[in-house]
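Fold and geometry: a report
What follows is each chain in one-letter form.
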Amino acid sequence: MVEAVNISVFQDTQHRKSKMGYEFFASDVTWRLDNSIKLNWGRLPKSVKETFVNGYKMQMADYAEELSASTCYIIFEKILSILRTQEANELSLSTLQNYLSTLDSGSEYKLGSIRAFLLNWIDKNIEGISPKIESWLEQITLKGMNKGVAVAKGCPHTGAYSMQEQEAILRWGVNAFIDDKLSLHDYTWLMLNIYLGARPTQFCQLQAGDLRVKSREGRTEYTLLLPHAKKRGVKNFRDYFKEVEIDEDLALLISNQAQATAKLIEKQVGTLTDRQKAEMPVFGSIKGIKKLSNIDELGNLMLKTPDAIHMPRSVGKDILRNLMKICDARSERLKGEFIHLTARRFRYTLGTNAARRGLSAFVIAKLLGHSDIQNVKVYTENVKELGEEINDALVAVLAPLAQAFA
């Protein structure tokens, strides 16, 4: 008989609420997530490391708020099985590799939901799991799907969103914004992820002046100077940019959000010139802005610490997680399960959509901001089925918003 772990060492008493509205504390031994599913942390093997348990509970608490109770239960039971069968005290790289070697081609797919859970855990920099696992998880190809379903569309847990999932996310976002369930701030962040698939840091670094509007041959063109957050040799704030084309809908959202941030700053320091407005962040740091008292202080602060009034990356990462708590978009590939919103998956989707349109690896690498093509495969997955371009598929969804903003 496997001895249960003593989890009393976990001191986090943060109050949480599951997707179905059931309240629990992260430090509780038992979490009730709906009227039939409970997670009993006392079932973990006694040998598991304290840091692993703490991190595991923090990550699972997030998932419980974002996804269905059944998904959390499946992940919990699978990790429990891995720890027991491998006689492991944590989920190390070797533990996962050894576990995968025990699965046949028809059951490897079962690791898919675990992979999504672990990658999300690593992305949040929560303790208890080694970052070394990330590259291995990204590279492995899991064979087989239950009932013979093909994996032509990629992993439904961790990979690019299908066309139906993209439409479901966008349709939910549009309706939630129209119904005042989403603020302009959060809606703009969601749309930037959907359309550009960039890293949270890049969106946090955006300034109002990065939005460019040009008239050419009787038509208006919109481009965005997107700061590059992960380029070799670039260490300073907003040192390097790539120019990307965007449509009028996204341009209007960015412009309105930038104006909203500028108004918050003007409440603190007084009227800004047009030049100063162009240098203000699209997404501002509320704490940083509230510390300002006059224009001179603002100027000095931006010279010394240019990112001081920009929204911190940590806050940016939390936006999608908070949206997940209220998002009811569901996946057709996962039998109606809630679609998990992560920056990583939006980035995969950007590359996959580009591949669907037949763009070359070199073009896709440039689109993703890579200096070479060696990592493009990670983002483009299997695109055997050629879908319609996302803009064509979703034009009906966006039409009402375009008219409203105009």
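My aim in this report is to walk through the structure given alongside it, one point at a time. (Residues numbered from 1 in each chain as written. Predicted model: local features only at pLDDT ≥ 70, side-chain atom pairs only at ≥ 80, totals over all residues. Heavy atoms only, no water.)

Let's talk about the overall build of the protein chain
When its secondary structure is counted, the protein chain shows 18 helices and seven strands. Across the 406 residues of the protein chain, 49% fall into the buried class. Long-range contacts, defined as pairs at least 24 residues apart, comprise 65% of the intrachain contacts of the protein chain with a sequence gap of at least 6. (Helix = DSSP H or I, 4+ residues; strand = E, 2+ residues; numbered from the N terminus. Buried < 20%, exposed > 50% of the residue type's maximum accessible area, 1.4 Å probe, protein only. Contact = heavy atoms within 4.5 Å.)

Thoughts on the pattern of salt bridges
Tallying each qualifying case throughout the model produces 20 salt bridges. Notably, a salt bridge pairs Arg321 with Asp62, separated by 3.1 Å at the nearest N-O pair. With Arg321 in helix α13 (residues 313–326) and Asp62 in helix α1 (residues 50–66), this pair connects stretches of sequence that are 259 residues apart. When sorted by exposure, Arg321 lands in the same class as Asp62, which is buried. The partner of Glu138 in a salt bridge is Arg344, with the nearest N and O atoms 2.3 Å apart. (Salt bridge = Lys/Arg side-chain N within 4 Å of Asp/Glu carboxyl O.)

Quick look at unusual backbone geometry
Here Glu217, not a glycine, exhibits a phi torsion of approximately 50 degrees, which is positive. Topologically, Glu217 is positioned in the loop between β5 (211–216) and β6 (219–227). For Lys335, which is not glycine, the phi torsion reads 55 degrees and is therefore positive. For Lys335, the position within the fold is in the loop between α13 and α14 (343–356). Judged by its relative accessible area of 70%, Lys335 falls in the exposed class.

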